[in-house]
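# Results of the structural survey
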Amino acid sequence: MPGDRKATHAIVGPGVTVGCAALIVVLALGIHRADAVGPGYASAMPIGGLAVLWFLVRGARVLSPETVVLAAAVFVGDLVLGSEPALAAVMSLAVVVQTLLTVVLLRRWCPGLWGCGGDRPLDRPRVLARFGAALVLGMAVGAALATLGWVSVTGEHVQLGGVLWFGRTLCSSLLVVTLGLLVGERLTSARPRPPLLSGARWYELVAAIAFTLGMYVLAFWFEQLPLAFPLLAATVWFGLRFSTLLSAAHSMVTGVVTLGLTMADIGPFAATEREDLGYLLAGFYVATLVVTGLGISTGRDEREALAAELRRTQEEAEYQASVRQAVIGSMNEGLFVLDDSGEVLLHNPAAAEIFGLSEDDLTREVLASRSDRWADGTPMPPEERPSVRALLGEVVRDVEILVSADGVPDRVMSVSAMPLPRDAARRRARALVLFRDATAEHARREELAAFAGVVAHDLRNPLAAIDGWTEMIADELDAGALDAQLAREFVSRVRSSSRRMRELIRDLLAHATSRARDLDVSRVDVTTLVREIAAARHAEKQVTCEPVPPVLADPVLIRQVLDNLVGNALKYVAPGTEPRIVVRGCAHPPGFVTILVVDNGIGIPEGEEEQIFDEFHRAHYRDYEGSGLGLSIVRRIVTRHDGTVTARRNPDGPGSTFEVVLPAYDG
Ligand code: ADP
């Protein structure tokens, strides 16, 4: 049989096979002793369910020792009940086929059920329906086979014989298999499950049992009256209020009691003329009880499971929402969710801060007006806007735009945007837009690009000059026309070019280290430092240093500051003019020292007093060599010391004055 491939692992050991086989024989013996029913059909009554349960929990296959043992046990049981060997063999065959078919159908139709290949209890009406269908079909086939066998062996025709078999086996299998699987699942599975009482209290259980007893006394005491129907009320009570297991146990007990009392000739079912018909009615009645109880309780189980799942999903959703809120709230990036109607559906505090807006002012129009330029300041066409592109379904990554906000300089933002699932109810496209402050990153990149440009340009020029002069030396040598005077001239030009290259490389290095080096502050004697710098430049005569109060600074970096300022003052003088530089200082403002470097040079062109501190900005690039980096290094170092540096033209005469304010040393 194809379903046999679904045979599951044995849940219990082989001992159960021996136990069940023995039980079948013992039951037959008991029934025979009690002289309750005749041979043949009777054996089917208790074993219908027992055999199915046995095969399920043993995980038995169609062709297995269990099949042989079952066949033998039923055969012996029937002999015990007084059947002829031929009849016993036919009955044994009917029981085996009935059992195997039922088991295969159960494994195929209820694969999730404990004992049938899964691990779930019988807790869904749909599974109950399939479960019932498998039992009905299996037992019906068994009944048909048994009837055919009986008639062909004995030649007699028993009225309603097949129906009797069917009723008894269905009743027993509903009781035994249902309860067996429920108890087995409860004992073995570690899955969390609802409590046995399922929300009801123990005194309600006592009351329900008392009610059941009362109903039974009523139904079985007043035999003449057809009072079986109140018994259903107890079944409904158990189905509604207690777990499926308790409900099934209740059906099992009431079913056994009903059958027992009927066999003992007590109660409404015993009142029928034909004894076996009474048993049949009792059997169907018990089957009705079981199915009703299980139907109610599995329906309730399913409802409770769905409600629990709903609660769990709700809790999970609330938890997810709170996590999302916390994550979004703590992000440094500004986050917006927009829809194509222009509504801002969601934003975080960082987003409001980036645009310098309050919650109410955050409309898409305002956002658009404050972020409508590319990073270089040129206007951005509306269709290029990241939010617009994302609303049309495009994923946009790291587009740099300029964002303006009240009271702060414009900032470069790296914007990413992506489409979100559509709002189906409002038929709106939605998009998520993220703003990351990339001002520093952008500036660094610009700086790097400028750096690369200057390095390429300023290093290439002297290199080209060196190339040219050395080529000329070679040509002159080849022509034999190189006299000493000419050679000296060429070599001096080569050396001057290489010196320019060296200075540029030095400035580039200084520029890089002025940012990277950690500050190591101590007392710095500015007067001595200036004198040392002048001496190193062989300019003691040109540089005068008046006493300057000591400052608290990094000596290495401050030397670089003063060296740059003194070097510039010596460099930027008109041809033929003797440089005169005076350095002086005073303890002002409080806690700081102001150092002035005054020269008599060519002065700073008007309006460029601030620009000369920009990287690579050169006010006199035609007549004087330089990299344009010195003053930017000076400003960076001074700023790192929490100081300031400014430049101005001398008001009454030529030259300029550089003013450096640094923290005073007060030790
Ligand atoms: P570099 O001297 O290498 O060109 P700096 O950054 O030191 O670069 O100076 C930037 C510009 O500022 C110079 O090119 C020059 O035009 C101007 N400058 C600097 N110091 C003086 C000064 N003492 N007098 C006049 N102009 C100056």
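Quick caveat, the model's predicted, so the values are computed rather than measured. (Residues numbered from 1 in each chain as written. Predicted model: local features only at pLDDT ≥ 70, side-chain atom pairs only at ≥ 80, totals over all residues. Heavy atoms only, no water.)

## Points about the overall build of the protein
In terms of regular secondary structure, the protein is built from 18 helices and 13 strands. Relative to the compact-globule value of 26 Å for 667 residues, the protein shows a C-alpha radius of gyration of 51 Å, a clear excess of over 25%. Taking the principal axes of the C-alpha coordinates as reference, the protein spans close to 145 × 65 × 55 Å. Of all 667 residues assigned to the protein, the portion counted as buried reaches 45%. Taking as baseline every contact in the protein between residues at least 6 positions apart, the subset at least 24 positions apart corresponds to 68%. (Helix = DSSP H or I, 4+ residues; strand = E, 2+ residues; numbered from the N terminus. Rg over C-alpha atoms; globule rule 2.2 N^0.38 Å. Buried < 20%, exposed > 50% of the residue type's maximum accessible area, 1.4 Å probe, protein only. Contact = heavy atoms within 4.5 Å.)

## Some thoughts on the side chain of Arg58
With respect to the helices and strands, Arg58 occurs in helix α2 (residues 41-58). Within the local environment of Arg58, its side chain forms a polar contact with the side chain of Thr17, the two groups lying 3.5 Å apart. Among all residues touching Arg58, those that are not within four sequence positions of it are Ala10, Val12, Gly13, Pro14, Val16, Thr17 and Glu66. (Polar contact = N/O pair within 3.5 Å; in protein donor to acceptor, adjacent residues only side chain to side chain.)

## A word on the confidence of the model for the protein
For residues with low pLDDT, the predicted coordinates do not support detailed interpretation. Taken over all residues, the pLDDT of the protein has a mean of 86, while the share at 70 or more is 94%. Scored below 50 in pLDDT, residues 1-6 shows 13 contacts in the model against residues more than four places distant or in partner chains. When the criterion is pLDDT under 50, residues 36-44 qualifies, and its contacts beyond four places in sequence or with other chains add up to 29 contacts. (pLDDT = per-residue confidence, 0-100.)

## Focus: the packing of aromatic side chains
Where two aromatic rings form a pair, the distance of their centres and the angle of their planes describe that pair. Counted by the stated rule, this structure contains 11 aromatic pairs. Aromatic side chains Tyr572 and Tyr624 sit 5.1 Å apart centroid to centroid with 55° between the ring planes, which places their arrangement in the tilted category. Of this pair, Tyr572 sits in the loop between α17 (555-571) and β10 (581-586) while Tyr624 sits in the loop between β11 (592-598) and α18 (630-640), and the two are 52 residues apart along the sequence. The exposure classification of Tyr572 matches that of Tyr624, with both residues buried. In this structure an aromatic cluster arises from ring pairing among Phe336, Phe355 and Phe435. (Phe/Tyr/Trp six-rings, centres within 6.5 Å; stacked < 30°, edge-to-face > 60°.)

## Remarks on the sheet that holds β11
Here we have five strands laid out as an open sheet, ordered β8-β10-β11-β13-β12, and mixed in their pairing. Each having just a single partner strand, β8 (543-545) and β12 (644-649) make up the two edges of the open sheet. Neighbour-to-neighbour, the strand axes of the sheet open up by a mean angle of 15°, direction not taken into account. Pairing geometry for β12 and strand β13 (residues 656-663), over six bridges, is antiparallel. Each bridged residue has a counterpart across the sheet, and for Arg648 the counterpart in β13 is Thr657. Against the sheet, helix α16 (residues 526-536) contacts β8, β10 and β11, and its axis sits at roughly 165° relative to β8. Set on the sheet, α17 makes contact with β8, β10, β11 and β13; between it and β13 the angle comes to about 175°. (Pairing = 2+ DSSP bridges. Axes fitted to C-alpha atoms, helices over the stretch in contact; angles between N-to-C directions.)

## Side note on unusual backbone geometry
With the exception of glycine, the majority of residues adopt a negative phi angle, and the majority of peptide bonds are in the trans configuration. The peptide bond linking His588 to Pro589 adopts the cis configuration, its omega dihedral lying at -10°. By secondary structure assignment, the location of Pro589 is in the loop between β10 and β11. Positive phi values are uncommon outside glycine, yet Arg427 reaches one of about 50°. Secondary-structure assignment places Arg427 in the loop between β5 (408-423) and β6 (428-437). Note on Arg427: relative accessible area 67%, which makes it exposed. A positive phi angle, near 65°, is found at Phe616, a position not held by glycine. Assessed through its relative accessible area of 17%, Phe616 is described here as buried.

## Structural notes on the side chain of Thr212
Within the secondary structure, Thr212 is located in helix α7 (residues 202-221). According to the relative accessible area criterion, Thr212 is buried, its value standing at 7%. When residues no more than four places from it in sequence are discounted, the contact partners of Thr212 are Ala234, Phe238, His250 and Thr254.

## Details of the site of the ligand
Around the ligand, the structure places 19 residues, and the nearest of them are Tyr572, Arg618, His620, Ser627 and Leu631. One of the side-chain N or O atoms of Asn568 is found 2.8 Å from an oxygen atom in the ligand. Between the ligand and Lys571, the relevant distance is 3.3 Å, taken from an oxygen atom to a side-chain nitrogen or oxygen of the residue. Across the complex, the protein chains shield 98% of the 530 Å² of accessible surface that the ligand would expose by itself. More than half of the atoms of the ligand fall within 2 Å of the grid points belonging to the largest pocket. The element contributing the most residues to the shell around the ligand is α17, with three residues. When its residues are assigned to classes, the shell around the ligand shows seven nonpolar, nine polar and three charged. (Near = heavy atom within 4 Å. Areas by Shrake-Rupley, 256 points an atom, 1.4 Å probe, with all protein chains shown as cover. 1 Å grid on protein atoms, 1.4 Å probe; cavity = no way out; pocket = protein on both sides within 12 Å on 5 of 7 lines; lining within 4 Å. Sits in = over half its atoms within 2 Å of the grid points. Nonpolar A, V, L, I, M, F, W, Y, C, P; charged D, E, K, R; others polar.)

## Comments concerning helix α5 (residues 125-154)
Compared with the 44 Å implied by 1.5 Å per residue over 30 residues, the 42 Å span of α5 between its first and last C-alpha is a close match. Considered for burial, the residues of α5 that qualify are Leu128, Phe131, Ala134, Leu135, Gly138, Met139, Gly142, Ala143, Ala146, Gly149 and Trp150. Just downstream of α5, Gly155 is the residue with a positive phi angle, here 75°. (Expected span 1.5 Å × (residues − 1).)

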